[in-house]
Amino acid sequence: QLQLVESGGGLVQPGGSLRLSCAASGRTLDNYAIGWFRQAPGKEREGVACISASGGSTKYADSVKGRFTISRDNAKNTVYLQMNSLKPEDTGVYYCAAGVRRLAPVQSMCLITRYETWGQGTQVTVSS
């Protein structure tokens, strides 16, 4: 069965950068849309960046547009989240998730309900 493992989190100063990785095993990722989600203490989990199975469509939360980039490398069966110009409000546990490829409006691509398989999460802390 598909399993996802995140890595790359840690402590970084404001304005710094991190690259998160999501490594898949058990299945190839090329038939799955992939999303990155985050959850800060006391807040609901939110979609940060999502990418279609083909890689042809992406969607970002307004709060991270221009700073974060989602990408996928099917040869490595891995997806990435490049995070630049980090802010303290980016702090939280970051999760990657996979949803089976299907026809759906682009607007729904980052809905939590579209995803079935989740990683364990990796902590990102942005602080001086």
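The rules behind the values
Residues numbered from 1 in each chain as written. Predicted model: local features only at pLDDT ≥ 70, side-chain atom pairs only at ≥ 80, totals over all residues. Heavy atoms only, no water. Core = buried A, V, L, I, M, F, W, Y, C linked by side-chain atoms within 4.5 Å. Buried < 20%, exposed > 50% of the residue type's maximum accessible area, 1.4 Å probe, protein only. Helix = DSSP H or I, 4+ residues; strand = E, 2+ residues; numbered from the N terminus. Polar contact = N/O pair within 3.5 Å; in protein donor to acceptor, adjacent residues only side chain to side chain. Pairing = 2+ DSSP bridges. Axes fitted to C-alpha atoms, helices over the stretch in contact; angles between N-to-C directions. Salt bridge = Lys/Arg side-chain N within 4 Å of Asp/Glu carboxyl O. Disulfide = S-S within 2.5 Å.

A. Quick look at the nonpolar core. In this structure, Leu-4, Leu-29, Trp-36, Phe-68, Leu-81, Met-83 and Tyr-94 are the most contacted members of the largest nonpolar core, which totals 28 residues. Counting only elements with at least two residues in this core, the list comes to strand 3 (18–25), strand 4 (32–39), strand 5 (46–51), strand 7 (68–73), strand 8 (78–83), strand 9 (92–100) and strand 11 (122–126). Counting 7 residues, the second largest nonpolar core, distinct from the first, contains Ala-33, Phe-37, Cys-50 and Cys-110.

B. Geometry of the side chain of Arg-67. Mapped onto the elements of the fold, Arg-67 is located in the loop between strand 6 (58–60) and strand 7. At a separation of 3.0 Å, a polar atom in the side chain of Arg-67 contacts the main-chain carbonyl oxygen of Ser-85.

C. Up close: the pairing of strand 1 (residues 3–7). The alternating pattern of strand 1 places Leu-4 and Glu-6 on a buried face, while none of Gln-3, Val-5 and Ser-7, on the opposite face, is buried. In this sheet, strand 3 lies alongside strand 1 in antiparallel orientation, the contact comprising 5 bridges. Residue pairing for strand 3: Ser-7 is matched across the bridge by Ser-21.

D. Quick peek at the sheet that holds strand 7. Taken together, 4 strands build an open sheet; the order of strands is 1-3-8-7 and the sheet is antiparallel. Taken across any chain shown, the strands that pair with only one partner, and hence form the sheet edges, are strand 1 and strand 7. Strand-to-strand, the axes of this sheet are offset by a mean angle of 15 degrees, without reference to chain direction. Pairing geometry for strand 7 and strand 8, over 6 bridges, is antiparallel. What sits directly across from Ile-70, in strand 8, is Leu-81.

E. Summary view of the pattern of salt bridges. As enumerated under the stated definition, the model contains 5 salt bridges in all. With a shortest N-O distance of 2.8 Å, Arg-67 and Asp-90 are connected by a salt bridge. In this pair, Arg-67 sits in the loop between strand 6 and strand 7 while Asp-90 sits in the loop between strand 8 and strand 9, placing the two residues 23 residues apart along the sequence. For the pair Arg-67 and Asp-90, one class covers both residues: buried. Among the charged side chains, a network of salt bridges with common partners joins Arg-38, Glu-46, Arg-67 and Asp-90.

F. Geometry of the state of the cysteines. According to the stated counting rule, one finds 2 disulfides in the structure shown. Two residues, Cys-22 and Cys-96, share a disulfide whose sulfurs are 2.0 Å apart. With the S-S bond torsion at 60 degrees, the cross-link from Cys-22 to Cys-96 turns out right-handed. Of the two residues, Cys-22 is situated in strand 3 and Cys-96 in strand 9; the sequence distance between them amounts to 74 residues. Between the sulfur atoms of Cys-50 and its disulfide mate Cys-110 the distance is 1.9 Å. With the S-S bond torsion at 105 degrees, the cross-link from Cys-50 to Cys-110 turns out right-handed. Note that Cys-50 is positioned in strand 5 and Cys-110 in the loop between strand 9 and strand 10 (117–118), a separation of 60 residues in sequence. The connectivity of the disulfide bonds within the chain can be written as 1-3, 2-4, using the sequence rank of each bonded cysteine.

In short, geometric facts, not functional conclusions.
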